[in-house]
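Close look at the chain arrangement
Below are the chains, spelled out letter by letter.
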Amino acid sequence: MPELPEVEVVKRSLEKKIINLIIKKVKINDGNLRYKVNVKEISKLIGIKIKKIKRKSKFLIFEFDKNFFMLVHFGMTGKFFYVDENNIRFKTSFYYSLKKEKYEKHNRVIFILQKNQKLIFHDIRKFGFIKIYQSNDYNDILHLRNLGPEPLGKNWSYQYLKNYIFGRNRNIKDILMDQKCVSGLGNIYVNEILYLSGVKPKRKVSRLKNFEIKKIVKNTKIVLLNAIKQGGSSIKDFSSDDGKQGVFQQYFKVYGRVGEKCSNVDCNTNITRTIISNRASFFCKSCQK
DNA sequence: AGGCATGTTACAGG
DNA sequence: ACCTGTAACATGCC
């Protein structure tokens, strides 16, 4: 599911429901995720309270008492379901219309909370992971240590990007996808950002003009904020914890739109699809330089 | 049957 | 040690 907007949507939804609840039990149906779920570590969460949920780039961090925290990454198809007996919204969602066995098949880890509420980690492709730590310093964590600035924070700025690309010779798409440069973007949003900025994905960063660097930074923030507002993008897999899907995909200008007419009214070119670094890239040959 | 998919990282080579 | 590009991971859908 998961670029920054989708993770943020899940975070906002979950924190309304599970803060201050105690974990009663953890059931592992299939712990062979990206990293094998450590049964002993995850069992330490039993009996303690979820204090806070944070998002860092595409990661969710669940904070508990005693400095325990749980780091979650959704990979490509990971998601949470929150259910209790009265969860009308989930029962009217797309997932509930599927055969029960079908969506339950990929329930990998189930956290049973107070009053029989459940938080279910569901992941078809198993590229996601759950790890438990006990620390008060996120810089101890390999996955968080090398992350670049949050794209919605003030450290993601024209001056920062200009400095970052100095002396580098990669294309702008790869740079924006690189979590060490800026953390939280993925293939969908990078395609959209570059279209809005009028820059071809293959452009070498050494050849970017200052005004283009400025546009890229600004459009990053615009695209992400709009996507969050729309509940994220649901291509096929994403839904929030209540099964609700986002609608931002309706507003995609280029992603998945190969062969469709460029949305710029003055342009008659069709959107091109090409592969860059093993990932599909979409752009307008005329509007992006 | 084969190609494709919202992500990360181990590895090889410069 | 840093920079870059490629392949692999697991599963389902067209």
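Below is a short write-up of the structure. The structure displayed is predicted, hence computed values, not measured ones.

A closer look at the protein's contact with DNA strand C
Surveying the vicinity of DNA strand C reveals the residues Lys102, Lys105, His106, Ile124, Arg125, Lys126, Phe127, Arg168, Asn169, Arg170 and Asn278. Here, DNA strand C places atoms within 4 Å of the protein, and 58% of those atoms are sugar or phosphate. Between DNA strand C and the protein, one listed contact pairs a phosphate oxygen with a side-chain N or O atom of Lys126 at 2.8 Å. Take Asn169: an N or O atom from its main chain is 3.2 Å from a phosphate oxygen of DNA strand C.

Considering the side chain of Ser281
Examined against the element boundaries, Ser281 turns out to sit in strand β10 (residues 279–283). On the basis of relative accessibility, which here comes to 0%, the residue Ser281 falls in the buried class. One polar contact links Ser281 to Lys173, side chain to side chain, over a distance of 2.9 Å. Other than its neighbours up to four places away in sequence, Ser281 contacts Lys173, Asn191, Pro201, Thr272, Arg273, Thr274 and Ile276.

Structural notes on the layout of surface pockets
Using a probe with the size of a water molecule, rolled over the atoms, empty space left in the structure can be pinpointed. Its boundaries defined by the atoms lining it, the largest pocket holds a volume of some 1,100 Å³. Taken together, 34 residues make up the lining of the largest pocket; nearest its centre are Pro2, Lys58, Gly75, Met76 and Arg279. Taken together, the residues of the lining of the largest pocket sort by class into 14 nonpolar, 10 polar and 10 charged. In this structure, the lining of the largest pocket is formed jointly by two domains, domain 1 (4–145) and domain 2 (158–283), each of which donates at least three residues.

Rules of the game
Residues numbered from 1 in each chain as written. Chains lettered and ligands numbered in written order. Predicted model: local features only at pLDDT ≥ 70, side-chain atom pairs only at ≥ 80, totals over all residues. Heavy atoms only, no water. Near = heavy atom within 4 Å. Polar contact = N/O pair within 3.5 Å; in protein donor to acceptor, adjacent residues only side chain to side chain. Helix = DSSP H or I, 4+ residues; strand = E, 2+ residues; numbered from the N terminus. Buried < 20%, exposed > 50% of the residue type's maximum accessible area, 1.4 Å probe, protein only. Contact = heavy atoms within 4.5 Å. 1 Å grid on protein atoms, 1.4 Å probe; cavity = no way out; pocket = protein on both sides within 12 Å on 5 of 7 lines; lining within 4 Å. Points joined across faces, edges and corners; volume = space filled by probe spheres on them. Nonpolar A, V, L, I, M, F, W, Y, C, P; charged D, E, K, R; others polar. Domains from an automatic or database assignment.

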